[in-house]
Amino acid sequence: MRGTFLQPSDSYFPDNYNMVAIKPTDLAPTTCVKFIGAGTAACIADLVTFPLDTAKVRLQIQGENESGHRAVRYHGVFGTITTMVRTEGARSLYNGLVAGLQRQMSFASVRIGLYDSMKQFYTRGSESASIATRLMAGCTTGAMAVLFAQPTDVVKVRFQAQARLADGVKRYNGTMDAYRSIARDEGVRGLWKGCLPNITRNAIVNCSELVTYDIIKELILKYDLMTDNLPCHFTAALGAGFCTTIVASPVDVVKTRFMNSSSGQYRGAINCAYNMLTKEGTKAFYKGFVPSFLRLASWNIVMFVSYEQIKRGMMRAEAYWESPF
């Protein structure tokens, strides 16, 4: 009734109401929270680390035979960034950013956001998962993500590498123009160019990145080295970035070369790898290793730290809106 107040003897709560609050961190995040959180965290990580990724791509494609000669234009990650800023302007470091964010929102949401769900699928709902099960889950979500988001990756790589053309000439005028041009000139299949090496790369990346992060974090918490907070997430992400770079760099270089190649330049990804081996030697497979590590390590740190915080924030919001008050 309006104008009346509860007396001290009155009780607002029913007799069987449980006064013990459940913390959001005690609840398991839903698949939707993980899906949205992973895509958002990956976009944040891309915004922070995109210049390193662009430098990595430029170093990886350097050494391809062009007009009968090899042009060595870039020297090291910071030298590459400096050269790009001096000759093309600072904006060139973010060539392909729109496609990159489109890629992460669709790609990371699947490969990272669905990883735990895929683990539970393979273990039939069990909380304990073996290393083999985690590897299977990582391979599955990595392959699913590539099949879904490959066109965005092709466009991103093309934009990052387009300084190879004549001075003042741009390969594409915008993100949508790139999608249309590739589909028109190379067919719809051109948007899925390099899909096989990319599936291979992302199966490797997902397994080494997610599984390594999963295991390192689990061991840290198991032996009480740290609590489940920022330092733990930082350490696990750094370790995952290093392991991923070591394992995935050769496949990443082949993927970048093949996806950026002109029509007919290579018969396939294996032919691309063979040409690299015979013409440039084994070192070619680790071109751009330093920027790859700097990019993957920093990307993993920003992404996993952001992901963990976004998940907790979304769970707190859910708990707040579902609370009876």
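Residues numbered from 1 in each chain as written. Predicted model: local features only at pLDDT ≥ 70, side-chain atom pairs only at ≥ 80, totals over all residues. Heavy atoms only, no water.

Under an unreviewed UniProt entry, the protein chain has the name Dicarboxylate carrier UCP2 and belongs to Umbra pygmaea. The Sequence similarities (unreviewed entry) comment attached to the protein chain in UniProt states, word for word, "Belongs to the mitochondrial carrier (TC 2.A.29) family." Annotation of the protein chain in UniProt includes, under Subunit (unreviewed entry), the sentence "Homotetramer. Adopts an asymmetrical dimer of dimers functional form." (UniProt positions renumbered as here; feature names shortened; annotations may be inferred.)

Asks: Would you explain the overall build of the protein chain in this entry?
Replies: Across its full length, the protein chain carries ten helices and zero strands. Starting at the N terminus and ending at the C terminus, the protein chain contains elements arranged as α-α-α-α-α-α-α-α-α-α. Here the protein chain holds 325 residues, and the buried ones make up 48% of them. For the protein chain, the proportion of contacts with a sequence separation of at least 24, taken over those separated by at least 6, is 77%. Taken as a whole, the protein chain presents about 17000 Å² of accessible surface, with 63% of it coming from carbon and sulfur. (Helix = DSSP H or I, 4+ residues; strand = E, 2+ residues; numbered from the N terminus. Buried < 20%, exposed > 50% of the residue type's maximum accessible area, 1.4 Å probe, protein only. Contact = heavy atoms within 4.5 Å. Areas by Shrake-Rupley, 256 points an atom, 1.4 Å probe, with all protein chains shown as cover.)

Asks: What should I look at first to understand unusual backbone geometry in this one?
Replies: Residues apart from glycine generally show negative phi values, whereas peptide bonds are mostly found in trans. If you check the backbone angles, Asp224 has positive phi at about 55° while not being a glycine. Assignment of secondary structure puts Asp224 in the loop between α7 (195–222) and α8 (230–260). For Asp224, a relative accessible area of 66% gives the class exposed.

Asks: When you look at a nonpolar patch on the surface in this model, what are you seeing that I'm missing?
Replies: Together, Leu219, Tyr223, Leu225 and Met226 make up a nonpolar patch on the protein surface, roughly 420 Å² of accessible area in all. Its place among the elements puts Leu225 in the loop between α7 and α8. The exposed category is assigned to Leu225, whose relative accessible area is 61%. (Patch = residues over 30% accessible without salt bridge, like charges linked within 9 Å, V, L, I, M, F, W, Y side chains within 5 Å. Salt bridge = Lys/Arg side-chain N within 4 Å of Asp/Glu carboxyl O.)

Asks: Whenever I open this one, the environment of Ser298 confuses me. Can you help?
Replies: Looking at the secondary structure, you find Ser298 in helix α10 (residues 289–322). For Ser298, a relative accessible area of 21% gives the class partly exposed. Only 2.5 Å separates the side chain of Ser298 from the backbone oxygen of Leu294, close enough to count as a polar contact. (Polar contact = N/O pair within 3.5 Å; in protein donor to acceptor, adjacent residues only side chain to side chain.)

Asks: Quick question: what am I supposed to make of the packing of helix α1 (residues 31–61) against helix α2 (residues 77–88) here?
Replies: Each pair of packed helices gets described by two things: the angle between the helix axes and the distance between those axes. With their axes 9 Å apart at the nearest point, α1 and α2 run at an angle of 95° to one another. What the angle tells us is that α1 and α2 run roughly perpendicular. Together, Pro51, Leu52, Thr54, Ala55, Arg58 and Leu59 of α1 and Val77, Thr80, Ile81, Met84 and Glu88 of α2 make up the contact between the two elements. Counted by class, the contact of α1 with α2 contains seven nonpolar, two polar and two charged residues. (Axes fitted to C-alpha atoms, helices over the stretch in contact; angles between N-to-C directions. Parallel < 35°, antiparallel > 145°, perpendicular 65-115°, else oblique. Nonpolar A, V, L, I, M, F, W, Y, C, P; charged D, E, K, R; others polar.)

Asks: Help me out: how do you make sense of the packing of helix α4 (residues 115–123) against helix α5 (residues 131–161) in this one?
Replies: Where α4 contacts α5, the two axes come as close as 9 Å, and the packing angle between them is 130°. By the angle class used here, α4 and α5 are oblique. Both α4 and α5 take part in a crossing whose hand is right-handed. Here Tyr115, Met118, Lys119, Tyr122 and Thr123 of α4 lie close against α5, whose contacting residues are Thr133, Arg134, Met136, Ala137, Gly138, Thr140, Thr141 and Met144. (Left-handed = near helix turned anticlockwise from the far one by under 90°.)

Asks: I would appreciate a short explanation of the environment of Asn275 in the present structure.
Replies: The topology assignment puts Asn275 in helix α9 (residues 269–280). With a relative accessible area of 18%, Asn275 lands in the buried category.

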